[in-house]
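Secondary and tertiary structure notes
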Amino acid sequence: MIITRRSLVAASATLPFLRLPGFAQAGKVLRFGLSSYPPSLSPFVHTGTAALTVKLLVYRGLTGFGPDGEVRPELAESWKQENPTTWVFKLRPATFQNGKPVTSEDVKWSFEQISAQGSTAHFRTEFASFTKIETPDAQTVVISTKEPVAVLPLWFASPHTPILSKGSLEGNPLGVGAGPFVMKAQERGVAIEVAKFDKYYKPGQPKVDGIKLVAYADENLRVAALQAGDVDLIEYVPWQHMGVIEKDPKLKLDAADGPFMALGFNGGQGPFKDVRLRQAVAHAIRREEIVEAAFFGRGRPLEGIPIPSTSPYFDAAQSKTWTYNPDRAKKLMAEAGVAKGFTCTLLSTAQYGMHKSTAEVVQAHLSEIGIDVKLNLPDWATRVDLGSKGNYEFCVQGTTADNNDPDGLAPIMDGDLPMSNSRSANLPTPVMHELFVKGRAELDPAKRKQIYKDLVQNALEVAPIVGLAWRSQGYGMGKNVTGFKSLPGGTN
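To keep things clear, this report deals only with the structure shown in the data block.

Reading guide: rules and limits
Along each chain, residue indices are assigned from 1 in the same order as the chain's sequence is written. Local features are withheld for residues below a pLDDT of 70 in this predicted model, meaning they are given only at 70 or higher, and side-chain atom pairs are given and counted only at 80 or more; totals for whole chains, interfaces and linings count all residues. Side-chain metrics in this entry use all non-hydrogen atoms of the structure; hydrogen atoms and water are not considered. Within 6.5 Å between ring centres, the rings of Phe, Tyr and Trp (the latter by its six-membered ring) count as paired, and their orientation is classed by plane angle as stacked under 30 degrees, edge-to-face over 60, tilted in between. The numbering of helices and of strands both runs from the N terminus, where a helix is a DSSP run of H or I of at least 4 residues and a strand a run of E of at least 2. For the exposure calls, accessible area comes from a 1.4 Å probe over protein chains only, and a residue counts as buried if that area is under 20% of its type's maximum, exposed if over 50%, partly exposed in between. Only the contacting stretch of a helix is used when fitting its axis, a line to C-alpha atoms as for every element, and angles between N-to-C directions run 0 to 180 degrees. Should an angle fall under 35 degrees it is taken as roughly parallel, and over 145 as roughly antiparallel, whereas 65 to 115 is taken as roughly perpendicular and any remaining angle as oblique. By convention the crossing between two helices is left-handed if the near helix lies anticlockwise of the far one by an angle smaller than a right angle, and right-handed if it lies clockwise. We call two residues contacting when some pair of their heavy atoms lies within 4.5 Å. Side-chain classes follow a simple rule in which Ala, Val, Leu, Ile, Met, Phe, Trp, Tyr, Cys and Pro form the nonpolar group, Asp, Glu, Lys and Arg form the charged group, and the remainder, Gly included, forms the polar group.

Quick notes on the packing of aromatic side chains
Within the structure shown, the criterion is met by 23 aromatic pairs. Taken together, a centroid distance of 4.8 Å and an interplanar angle of 20 degrees make the contact between F111 and F156 stacked. Residue F111 is located in helix α3 (residues 104-115), and its partner F156 is located in helix α5 (residues 152-157); the two are separated by 45 residues in the primary sequence. One exposure class covers both F111 and F156, and it is buried. Pairing F127 with F156 gives two aromatic rings, centres 5.8 Å apart and planes at 85 degrees, and the pair type is edge-to-face.

A closer look at the packing of helix α14 (residues 430-441) against helix α15 (residues 445-462)
Closest axis-to-axis distance for the α14/α15 pair is 9 Å, and the angle between their directions is 165 degrees. For the element pair α14 / α15, the angle class is roughly antiparallel. Pair α14 / α15 crosses with left-handed handedness. For the pair α14 and α15, the contacting residues are V431, M432, L435, F436, K438, G439 and R440 in the first and R448, I451, Y452, D454, L455, N458 and A459 in the second. When the residues that make up the contact of α14 with α15 are grouped by side-chain class, the tally is eight nonpolar, two polar and four charged.

Examining the environment of G390
Locating G390 in the fold gives a position in the loop between α12 (380-389) and β16 (394-399). G390 gets classed as buried once you look at its relative accessible area, which sits at 3%. Distance from G390 to S420, taken between C-alpha atoms, is 8.0 Å for residues 30 residues apart in sequence. Setting aside residues no more than four positions away along its own chain, G390 makes contact with N266, M419 and A425.

Structural data, given as structure tokens:
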């Protein structure tokens, strides 16, 4: 359902999310510069950071992440693990944007949409582990699982698992959420406007009457808009501009490490069905050049699986597996029967400079060992569509884990999950899949540590992704913007 400014008044009579009690009038509006226009705002599907930015304004889940990246209450005010396979969540008094109260039936219905047969939800496979969702009363949800799930509150903190008003997806692909803002208008490819929801469950929030999100696909124009005062806050500050913003007395930068760049592969067709060629690529890249070219030094080489050095699950030896070794790369190519090289196509996008620069460095380095790489650099929406369908030979991924637990890497690396833009296509990882299942079922921290060490070792052998670089990710804003905080690590 797309609303233009011209059709907004006429459409409002038929759109339930525009006829809301407590709907805020125009007033103090924050202007936000998006890095792209969201390909989709489907509540349960992963379509990139710009879409998540919008969805986090209009939806809320049972839990969420606080400024420290730790899980905090949202629609659930408390929860407990009653036994290894049963969790009980108590809901707070809250209201959906259609005026209806948030109840346990809404939670049950929302989770059933995620786990439904044929669902394209980001968490469909994880939620398939639920054996029963009970609603003993309107404020209590009891969730039973096949195996223990130590990370269930983390799953519910993901922006991909919002709670919607029961039945609200009928005739409205966005559904109805309980977030601090309500959708007001969309102008396809240009801007999205949201307005304050006066019945949001946190007293005194939100602090502004609305937010206008304007898409600036060109990153230089996005920065220029901030410098000119046309917007108050922008995402994805280009790395070459971070220092400029830091030095501008009218502006400030809030950046955090955690996101990373990697390569994904098509394991069903093309040259990278052969793990030896995935490993050859891994050893052919001088990662420090990606850090300089794409991030102007604001990052670090990533020579393994993206477990940050601050994590209790980090292993120093494993983190140095894919060091630059062109001789090793050529030997692997010879073993795969392509000693003289081959031609392939790398999918990336020209819409984000970091994606394009990363692709160009990879192209240059692989040419040195005889791999002729042709670049496919469409706009971001096309890139997401091609990635979601597995229409590529290998691709540049710019992403982050779902959270700061190793289980948050499952959507990026577990090839036994349904097809997704966020991971390699047609590349099953049965051993890794079982280790992810085992890790999330284990409650003993010491045992979990060994499980994830084994999982990372398997990932290094199978190469479902090849890490390239950690990157700092920044938001730029005017000095008059307060109360904004970049979350750390995988929650960034």
